[in-house]
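# What the coordinates show
Letter by letter, the chains look like this.
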Amino acid sequence: MPGKEGLKAALHAAFDSVVEGGSGYTKVYAAEIRQKNFIVIRTTTVSNFVVGFKPGSTDLVVVPVDEERGAIKPGAPLVITDANRASVRRRDFQGRFVVKTTDGRTFRFTVIPSVPKLLSIAYQFPVEQREEYEAFEAVRASLTAA
């Protein structure tokens, strides 16, 4: 797996490859971590995304990504606009940003400025995205202010 900057470049390239005009978006890496507790065991499922946005706009483009043999593989992008966004919460009980769409999809994103290598061992991609995180915080604030 490449270093933090190489991985960030690979995530951005994956987004750009499936989103028309993708290079015009600011992009952040986001993870959705779901845990289920059963009587005997607890399971954790992690989904990785690249979330694209344009400062000053409340539209989001969500691209699921997966790592396969050192390469980042993008999935189909989902565009979330005012027309198909059902609700937004700044934080749930676990501190995640929650976006629900009118078609019933729910995303619970964890976006942090820098994913340390310690967390990458467990489940997340190690990326450095402090500037992008600040821009995402501004978009998140405008989405939750309404």
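Basis of the calculations
Residues numbered from 1 in each chain as written. Predicted model: local features only at pLDDT ≥ 70, side-chain atom pairs only at ≥ 80, totals over all residues. Heavy atoms only, no water. 1 Å grid on protein atoms, 1.4 Å probe; cavity = no way out; pocket = protein on both sides within 12 Å on 5 of 7 lines; lining within 4 Å. Points joined across faces, edges and corners; volume = space filled by probe spheres on them. Helix = DSSP H or I, 4+ residues; strand = E, 2+ residues; numbered from the N terminus. Core = buried A, V, L, I, M, F, W, Y, C linked by side-chain atoms within 4.5 Å. Buried < 20%, exposed > 50% of the residue type's maximum accessible area, 1.4 Å probe, protein only. Contact = heavy atoms within 4.5 Å. pLDDT = per-residue confidence, 0-100. Pairing = 2+ DSSP bridges. Axes fitted to C-alpha atoms, helices over the stretch in contact; angles between N-to-C directions. Patch = residues over 30% accessible without salt bridge, like charges linked within 9 Å, V, L, I, M, F, W, Y side chains within 5 Å. Areas by Shrake-Rupley, 256 points an atom, 1.4 Å probe, with all protein chains shown as cover. Salt bridge = Lys/Arg side-chain N within 4 Å of Asp/Glu carboxyl O. Expected span 1.5 Å × (residues − 1). Arc of directions from axis to C-beta.

## Some words on empty space enclosed by the protein
Evaluation of the coordinates by the stated rule reveals one cavity of 30 Å³ or more. Of the voids in this model, the largest cavity is the one considered here, and its volume is about 50 Å³. Lining the largest cavity are Lys-8, Leu-11, His-12, Lys-27, Val-28, Tyr-29, Val-50, Val-127, Gln-129 and Glu-132. Contributions of two or more residues to the lining of the largest cavity are made by α1 (4–18) and β1 (26–37).

## Here we look at the nonpolar core
In terms of nonpolar packing, the biggest core is built from 18 residues, with Val-51, Leu-60 and Phe-109 touching the most fellow members. Apart from the residues lying within four places of it in its own chain, the contact partners of Phe-109 are Ala-30, Ala-31, Phe-49, Val-51, Val-62, Arg-96 and Phe-97. Counting 17 residues, the second largest nonpolar core, distinct from the first, contains Leu-11, Phe-15, Ala-31 and Phe-125.

## Examining the confidence of the model for the protein chain
On average, residues of the protein chain score 87 in pLDDT, and 93% of them are at 70 or above. Of all secondary-structure elements in the protein chain, the lowest mean pLDDT belongs to helix α2 (residues 117–122), at 58, while strand β5 (residues 78–80) reaches the highest, 96.

## Overview of the sheet that holds strand β6 (residues 85–89)
A sheet is described by the order of its strands in space; here three strands give the open sequence β6-β7-β8, paired in antiparallel fashion. Looking along the sheet, the strands with just one partner apiece sit at the ends: β6 and β8 (106–109). The average angle at which neighbouring strand axes cross in this sheet is 15°, direction not considered. With four bridges connecting them, β6 and strand β7 (residues 97–101) associate as antiparallel partners. Residue pairing across strands places Ser-87 opposite Lys-100, the latter belonging to β7.

## Considering the side chain of Ser-47
Its location among the elements puts Ser-47 in strand β2 (residues 42–53). Judged by relative accessible area, Ser-47 falls into the buried class, the value being 18%. If near-sequence neighbours (up to four positions away) are discounted, Ser-47 is found in contact with Ala-30, Ala-31, Glu-32 and Arg-34.

## Concerning a nonpolar patch on the surface
On the surface, Phe-38, Ile-39, Val-40 and Ile-41 cluster together into a nonpolar patch covering about 520 Å² of accessible area. By the element assignment, Ile-41 lies in the loop between β1 and β2.

## Comments concerning α1
Look at α1: 22 Å from first C-alpha to last across 15 residues, which is about the 21 Å you get at 1.5 Å a residue. The complete set of buried residues in α1 reads Leu-7, Lys-8, Leu-11, His-12, Ala-14 and Phe-15. Projected onto a plane normal to the axis of α1, the buried residues spread over an arc of 155° and lie on a single side. Exposed residues pointing more than 90 degrees away from the buried face of α1 are listed as Glu-5 and Ser-17. Of the surrounding secondary structure, the elements contacted by the buried residues of α1 are β1, β2, β3 (60–68), β4 (71–74) and α3 (130–145).

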